Amino acid sequence: MMAGWRLVGVLSFLVAAMAAGLVISHGGDVEGLRVAIRATARTSLVLFVLAFTASALVELLPSEATRWQRRNRRYFGVSFAVSHFIHLGVILALASVDQALFWKLTNISTIVLAGSAYLFIAAMAATSFDRPAAWLGPRKWRLLHLIGGWYIWISFAIAVGKRVPLDRFYWPMGALVLAAAIVRLLAMSRRGRRQAVIGAS
Ligand code: HEM
């Protein structure tokens, strides 16, 4: 099974090729940019959920598959960052090609809230490399990845949640976002109970 940085290379190439293919197949018009923005948001969601739920799934359903996912958590996280910076790149292209449409699709509060998610994504991606992670130290690393992970989760919950009433297509995406939080919370409560038992014994 593919793993490690090779996985990052292949996933990043596939997302970039998908985005470029969508833009080119639409003749480089605005509709192509919109399709590429939506498609990269979806690849980002899947990659984010794989990284965000990796430890929790090993806790809840230990198996060869979940342990593989856990071993590659860092690589799914970095691939998510690549996919989401492509999302941003295509958004910037749309903003420069058609400003009026850009402001119809977004607003200043989204830019501030979703823009802050990018600060977390950049910091989390940078500290997925050994040297910056060692520089930060394990306690701060855990805090950054805990807070950043939930901030990004909230960004997806808002971005997907506001589209759920518009089209049935968004129901499975909404279900995936909800399932990710449920898995994390279940694993957290199970770990908490186990620690309570250890503490009592
Ligand atoms: C400055 C930051 C961002 C801007 C300006 C932005 C802008 C946009 C725009 C304009 C669309 C709609 C494209 C269309 O319908 O044609 C979109 C879709 C979306 N964005 Fe972003 N975005 C930003 C950051 C984020 C972040 C941080 C997340 C999640 C962590 C996110 C998740 C999504 C999702 C889930 C969709 C819907 C995709 C779909 O229709 O399936 N975006 N974004």
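Heads up: the structure comes first, above all this text.
Residues numbered from 1 in each chain as written. Predicted model: local features only at pLDDT ≥ 70, side-chain atom pairs only at ≥ 80, totals over all residues.

1. Section: the overall build of the chain
Okay, step 1: Along the chain, the regular secondary structure elements total 10 helices and 0 strands.
Okay, step 2: Taken against the 2.2 N^0.38 rule, which gives 17 Å for 201 residues, the C-alpha radius of gyration of the chain at 18 Å falls within 12% of a compact globule.
Okay, step 3: When the backbone C-alpha atoms are referred to their principal axes, the chain occupies close to 65 × 35 × 30 Å.
Okay, step 4: Scored against the burial criterion, the 201 residues of the chain give a buried share of 27%.
Okay, step 5: Across the chain, contacts joining residues at least 24 apart in sequence account for 67% of those joining residues at least 6 apart. (Helix = DSSP H or I, 4+ residues; strand = E, 2+ residues; numbered from the N terminus. Rg over C-alpha atoms; globule rule 2.2 N^0.38 Å. Buried ≥ 20, exposed ≤ 12 C-beta atoms within 10 Å, placed from the backbone. Contact = placed C-beta atoms within 7 Å.)

2. Considering the nonpolar core
Okay, step 1: In terms of nonpolar packing, the biggest core is built from 37 residues, with Leu47, Phe48, Ala51 and Val90 touching the most fellow members.
Okay, step 2: The residues contacting Phe48, other than those within four sequence positions of it, are Phe80, Ile152 and Phe156. (Core = buried A, V, L, I, M, F, W, Y, C linked by C-beta atoms within 7 Å.)

3. A word on the site of the ligand
Okay, step 1: Surrounding the ligand, one finds 20 residues, the nearest of these being Arg34, Ala41, Ala114, Ala117 and Ser155.
Okay, step 2: At the level of secondary structure, the elements contributing two or more residues to the shell around the ligand comprise α2 (30–52), α5 (73–97), α7 (108–126) and α9 (138–161).
Okay, step 3: Per-element accounting of the shell around the ligand gives the leading share, 6 residues, to α2. (Near = placed C-beta within 6 Å.)

4. Some details on the packing of α9 against helix α10 (residues 170–200)
Okay, step 1: Between α9 and α10, whose axes approach to 10 Å, the crossing angle comes to 155 degrees. Looking at the two axes, α9 sits roughly antiparallel to α10. For the element pair α9 and α10, the recorded crossing hand is left-handed. Taking contact as the criterion, the partners of Trp153, Phe156, Ala157, Val160 and Gly161 in α9 are, on α10, Tyr170, Met173, Gly174, Val177, Ala180 and Ala181. (Axes fitted to C-alpha atoms, helices over the stretch in contact; angles between N-to-C directions. Parallel < 35°, antiparallel > 145°, perpendicular 65-115°, else oblique. Left-handed = near helix turned anticlockwise from the far one by under 90°.)

5. Some thoughts on the packing of α5 against α7
Okay, step 1: Closest axis-to-axis distance for the α5/α7 pair is 10 Å, and the angle between their directions is 140 degrees. In this structure, α5 crosses over α7, and the sense of that crossing is left-handed. Where α5 approaches α7, its residues Gly77, Val78, Ala81, His84 and Leu88 are matched on the opposing element by Tyr118, Ile121, Met124 and Ala125.
Okay, step 2: Tallied by class, the residues present in the contact of α5 with α7 amount to 7 nonpolar, 2 polar and no charged. (Nonpolar A, V, L, I, M, F, W, Y, C, P; charged D, E, K, R; others polar.)

So yeah, pure geometry; function would need other evidence.
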